[in-house]
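Here is what each chain is made of, one letter per residue.
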Amino acid sequence: MSIRRLDPVLVDRIAAGEVIERPAAAVKELVENAIDAGAASIAVTIRAGGRELIRVVDDGIGMSPEDLALCVERHATSKLPDGDLFAIRSLGFRGEALPSIGSVARLSITTRQRDATQGCALVVEAGAKGAVRPAAAAPGTRIEVSDLFIFTPARLKFLKSDRAEAQAVSDMLRRLAIAHPEVRFSLEGEHAGAFDWPAEPIGSDGHLRRLGRALGRDFPENALPVETEREGVRLSGFAGLPTFHRGTSAGVHMAVNGRPVRDKLLLSAVRGAYADFVPSDRHPVLYLDVLCDPAVVDVNVHPAKSEVRFRDPALVRGLVVSSLKAALAGAGHRATTTGGARTLDAFRAVFSGGGFGNAGPAAIQRPNFGSVADWRMPEPAAPTQPMQAGFSDLAMPSADARAHLAEPPQDALDRPLGAARAQVHGTYIVAQTRDGMVIVDQHAAHERLVYERLKAERARTGIARQPMLLPEVVELDPVDADRLNAAASDLASLGLVIESFGPGAVLVREAPAAVAGGDLQGIVRDVADALAEHGDAGSLERRLDHVLATMACHNSVRAGRRLRPEEMDALLREMEATPNSGQCNHGRPTYVELKLSDIEKLFGRR
């Protein structure tokens, strides 16, 4: 068969397979064109997940009749005036979107320039372009795409349900809205999660308000500003506290010069920065924008322009990791505000669900707290045996209230974590602040403190070692023993000096001074497990940090240990002075704070 030149319409349909793979991709291309046109307001409407209708209306600069006729031609664009692919300052630049959409759907464009007296319109169907005709139109551009993929039925078979496609459109539009808070965005359509976000003033406050709409209203008060510059590359945005994490990476938003991306280099840098704080099966919530000269980043490496390539990837990755770690360290002991809210919700569930012991609604009469002025104490119900059984534990010495025997120092009440007042169940420290109370998990908190201390020692002078008076033999699986012996030099830098002691055993000669009095057998076995889990996949620093975290866990204050009042206060003060003490080594919060006003609401005082 001889070689022949393909039909232009067929060429456009092949291009559409790369650029317009689903309705969300078509919406993305159209919205990016609207942003490039200087629109201050963009309204998107979809029907049937975008298969039946996609409508994008903007108030941008609009097009002249001549530009309208040319914009649906293949590789026609106004965004490369000098043809330099390394000076791209717009979101779109290839000139493929409109002709590709027009080849697989019915495309209608109505536009008007701001200083024009009338608009113009054009229709493209199955790649066939109609004539440009006069039309009444508001300033800006209105594009309607109907019956997407009607001329390529095979493509329709690969689309998901209308709900899934609509949610993909919503997710894509939210990413663009996050990157451009100065633009008003709205979305309408079934299953799409309709929203209408007003334009925000340029600046960090406006951007944070937009992030609160997109990432949840709790995000602004749990976000840390990030603003760093190095060698001409600037990083700006907001990073969520480590304890403000989610089960998927949907809350990780990245952009390069205002272009939303899902770049592997940037995502790995985020994971590396949070690896010390967030569990491996959880993900942080953040938005970061890398701002740099367009000449040092190539945005033309992916059909959907969702990935980029930096001229100096090591510089960018290092900037992201160091900036995030600095922001998290600057947060000190802060934990998310949602911890206290979840605690209050648990109390409300008890009050609303009759959750005291086995007592049902008949045993506990709950007053209506609709109005404090109308509140009256209900007649007490006769106590029942199941209800008494629910309080049987209170007879046990579960709380150590020795700290309450003396009045707390007034200056301690003004501290972020307050003054210790009691220890409950040998595990939780209850502290009083000026406007509320704090509940601290003593084991989780001390575990983090020991870990940060070990890391600081390693970075400063090396971890202090303590020789064993009698070296301890630890018996292991032969594979684990070989793994430990192979990492002996790395472990020695962490203060754990071991040597082989025959098949399936190692001899511990020195241990870190901070953990020398702990369970060395358990420490060594857990270190072997940590090495098996991470192996050579992670960086050396990350593997060593994981080993340090294992050691810290063994040497921290255990749950069930009674603490003296001065020990509890000392723990609180050290938490306030230690970075990242708001979460333990496993990513769990070390404390929750309850405001007095919220507690009073539970009891109908407010």
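Quantities reported herein were computed from a predicted structural model and do not represent experimental measurements.

J.: Looking at this structure, I do not really get the overall build of the chain. What am I missing?
T.: Summing up its helical and strand segments, the chain has 19 helices and 24 strands in all. Counting all 606 residues of the chain, 47% fall into the buried class. Accessible area of the chain: about 29400 Å², with a carbon and sulfur share of 53%.

J.: How should a negative patch on the surface be read in this particular structure?
T.: Together, Asp519, Asp526, Asp529 and Glu533 give the surface a local cluster of negative charge. Residue Glu533 is classed as exposed on the basis of its relative accessible area of 56%.

J.: Before we go on, may I ask you to explain the packing of helix H8 (residues 264–274) against helix H9 (residues 313–330) in this structure?
T.: When two helices pack together, their arrangement is given by the angle between the helix axes and by the axis-to-axis distance. Taken N-terminus to C-terminus, the directions of H8 and H9 make an angle of 35°; their axes are 9 Å apart at the nearest point. For H8 against H9, the interelement crossing comes out right-handed. Here Leu265, Leu266, Ser268, Ala269, Val270, Gly272, Ala273 and Tyr274 of H8 come into contact with H9, specifically with Pro313, Val316, Arg317, Val320, Val321, Leu324, Lys325 and Leu328. Its residues assigned to classes, the contact of H8 with H9 shows twelve nonpolar, two polar and two charged.

J.: Would you explain the pairing of strand E22 (residues 497–500) in this entry?
T.: Where a strand is regular, its side chains alternate between the two sheet faces. Bridging between E22 and strand E23 (residues 505–512) involves four bridges; their strand directions are antiparallel. Within the sheet, the bridge partner assigned to Glu499 lies in E23 and is Leu507. Between E22 and E23, which pair antiparallel one after the other, the connecting turn spans four residues, and Gly502 there sits at a positive phi close to 90°.

J.: Please clarify how the sheet that holds strand E21 (residues 465–475) should be interpreted in this entry.
T.: Working definition: the strands of a sheet are paired by backbone hydrogen bonds and lie parallel or antiparallel to each other. Read across the sheet, three strands follow the order E21-E23-E22 without closing on themselves; strand pairing throughout is antiparallel. Strands with a single pairing partner mark the edges of an open sheet, and in this sheet they are E21 and E22. Strand-to-strand twist of the sheet, defined as the mean angle between neighbouring strand axes without regard to direction, takes the value 20°. Judged from the seven bridges that link them, E21 and E23 form a sheet pairing that is antiparallel. Residue pairing for E23: Pro467 is matched across the bridge by Glu510.

J.: Explain the environment of Met172 to me, please; I cannot follow it from the model alone.
T.: Looking at the element boundaries, Met172 is found in helix H6 (residues 162–179). Here Met172 falls in the buried class, since its relative accessible area comes to 11%. Between the C-alpha atoms of Met172 and Ala24, which are 148 residues apart in sequence, the distance is 6.7 Å. Once residues within four sequence positions are removed from consideration, Met172 is found in contact with Ala24, Val27 and Lys28.

J.: For this particular structure, what's the right way to read the nonpolar core?
T.: Soluble, globular proteins show a tendency: their nonpolar side chains are buried together. If you look at the biggest cluster of nonpolar residues, it comprises 97 residues, and the most contacted ones within it are Val31, Ile42, Phe185 and Leu324. Looking at this core, the element that brings in the most residues is H6, giving nine residues. Those residues in contact with Ile42 that lie beyond four places of it in its chain are Val31, Ala34, Ile35, Val56, Val57, Asp58, Val183, Arg184, Phe185 and Ser186. Formed by 28 residues, the second largest nonpolar core is a distinct cluster that contains Leu491, Leu494, Ile523 and Val547.

J.: How should the pairing of strand E10 (residues 223–230) be read in this particular structure?
T.: Inspection of the sheet shows E10 paired to strand E11 (residues 233–240) by eight bridges, in the antiparallel sense. For Leu224, the partnering residue across the bridge sits in E11 and is Ala239.

J.: Would you take a moment to explain the sheet that holds strand E12 (residues 252–256) for this structure?
T.: Sheet architecture is open: five strands sit in the order E10-E11-E14-E12-E13, paired in mixed fashion. At either end of the open sheet lies a strand with only one pairing partner, and these are E10 and strand E13 (259–261). Averaged over all adjacent pairs, the angle separating strand axes in this sheet is 20°, with direction ignored. As paired strands, E12 and E13 are joined by three bridges and run antiparallel to one another.

J.: Would you mind going over the state of the cysteines with me for this structure?
T.: Structurally, a disulfide amounts to a covalent bond that connects the sulfur atoms of two cysteines. For the structure shown, the criterion picks out zero disulfides. With no disulfide of its own, Cys120 lies closest to Cys71 among cysteine sulfurs, the gap being 9.1 Å. Looking at Cys120, the relative accessible area reads 4%, which means it is buried.

J.: It is not clear to me how the pattern of salt bridges should be interpreted in this structure. Could you clarify?
T.: Pairing between side chains becomes possible if they bear opposite charge and their charged atoms approach one another. Under the definition given, this model contains 30 salt bridges. Here Glu32 makes a salt bridge to Lys28, at a shortest N to O gap of 3.0 Å. Pair noted here: Glu32 and Lys28 are both in helix H2 (residues 23–36), with a separation of four residues, about one helical turn. Residue Glu32 shares its accessibility class with Lys28, and that shared class is buried. Of the charged contacts in the structure, one is a salt bridge between Asp480 and Arg483, with a shortest N-O distance of 2.9 Å.

J.: Any chance you could explain unusual backbone geometry here in plain terms?
T.: If a residue is not glycine, its phi is most likely negative; likewise, a peptide bond is most likely trans. Of note, Ala126 is a non-glycine position whose phi angle comes to about 55°, a positive value. Examined against the element boundaries, Ala126 turns out to sit in the loop between strand E4 (119–125) and strand E5 (128–129). The exposure class assigned to Ala126 is partly exposed, which follows from its relative accessible area of 21%. The phi dihedral of His191 falls on the positive side, at around 70°, and the residue is not glycine. For His191, a relative accessible area of 36% gives the class partly exposed.

J.: Explain the side chain of Arg259 to me, please; I cannot follow it from the model alone.
T.: Residue position: Arg259 is located in strand E13. No salt bridge is formed by the buried Arg259; its nearest oppositely charged neighbour, Glu32, is found at 4.7 Å. Those residues in contact with Arg259 that lie beyond four places of it in its chain are Ile88, Ser90, Leu91, Phe93, Met254, Val299 and Lys305.

J.: It is not clear to me how the confidence of the model for the chain should be interpreted in this structure. Could you clarify?
T.: If pLDDT is low for a region, its predicted coordinates should not be looked at in detail. Model confidence for the chain is summarised by a mean pLDDT of 82, while 82% of its residues fall at 70 or above. Across residues 358–397, confidence stays below pLDDT 50; counting only partners more than four residues off in sequence or on other chains, it has 32 contacts.

J.: Looking at this structure, I do not really get helix H4 (residues 97–104). What am I missing?
T.: An α-helical turn contains 3.6 residues, so any two residues separated by three or four positions project in the same direction. Of all eight residues in H4, eight are buried; the element is thus mostly enclosed. Along H4, the residues that are buried comprise Ala97, Leu98, Pro99, Ser100, Ile101, Gly102, Ser103 and Val104.

J.: Teacher, can you tell me more about the environment of Glu593 here?
T.: Mapped onto the fold, Glu593 is located in strand E24 (residues 591–595). Taking C-alpha positions, Glu593 is 8.8 Å from Val440, a pair spaced 153 residues apart along the chain. Only 3.1 Å separates the side chain of Glu593 from the side chain of Lys595, close enough to count as a polar contact.

J.: Is there a simple way to explain the packing of aromatic side chains in this structure?
T.: We describe a pair of aromatic rings using the distance from one ring centre to the other and the angle between the two ring planes. For the structure on display, the rule yields two aromatic pairs. Summarising the aromatic geometry, the rings of Phe219 and Phe244 are spaced 6.1 Å apart at their centres and angled 55° between planes, so their arrangement reads as tilted. Taken together, the positions of Phe219 in the loop between helix H7 (204–215) and E10 and Phe244 in the loop between E11 and E12 put the pair 25 residues apart, joining distant regions of the chain. In this structure, Phe219 and Phe244 share a single accessibility class: buried. Here the guanidinium or amino end of Arg155 rests over the ring plane of Phe149, the centre of that ring lying 5.9 Å away.

Criteria and thresholds
- Residues numbered from 1 in each chain as written.
- Predicted model: local features only at pLDDT ≥ 70, side-chain atom pairs only at ≥ 80, totals over all residues.
- Heavy atoms only, no water.
- Helix = DSSP H or I, 4+ residues; strand = E, 2+ residues; numbered from the N terminus.
- Buried < 20%, exposed > 50% of the residue type's maximum accessible area, 1.4 Å probe, protein only.
- Areas by Shrake-Rupley, 256 points an atom, 1.4 Å probe, with all protein chains shown as cover.
- Patch = residues over 30% accessible without salt bridge, like charges linked within 9 Å, V, L, I, M, F, W, Y side chains within 5 Å.
- Salt bridge = Lys/Arg side-chain N within 4 Å of Asp/Glu carboxyl O.
- Lys, Arg positive; Asp, Glu negative; His and termini not counted.
- Charge placed at Lys NZ, Arg CZ, Asp CG, Glu CD.
- Axes fitted to C-alpha atoms, helices over the stretch in contact; angles between N-to-C directions.
- Left-handed = near helix turned anticlockwise from the far one by under 90°.
- Contact = heavy atoms within 4.5 Å.
- Nonpolar A, V, L, I, M, F, W, Y, C, P; charged D, E, K, R; others polar.
- Pairing = 2+ DSSP bridges.
- Core = buried A, V, L, I, M, F, W, Y, C linked by side-chain atoms within 4.5 Å.
- Disulfide = S-S within 2.5 Å.
- pLDDT = per-residue confidence, 0-100.
- Polar contact = N/O pair within 3.5 Å; in protein donor to acceptor, adjacent residues only side chain to side chain.
- Phe/Tyr/Trp six-rings, centres within 6.5 Å; stacked < 30°, edge-to-face > 60°.
- Lys NZ or Arg CZ within 6 Å of the ring centre and 35° of its normal.

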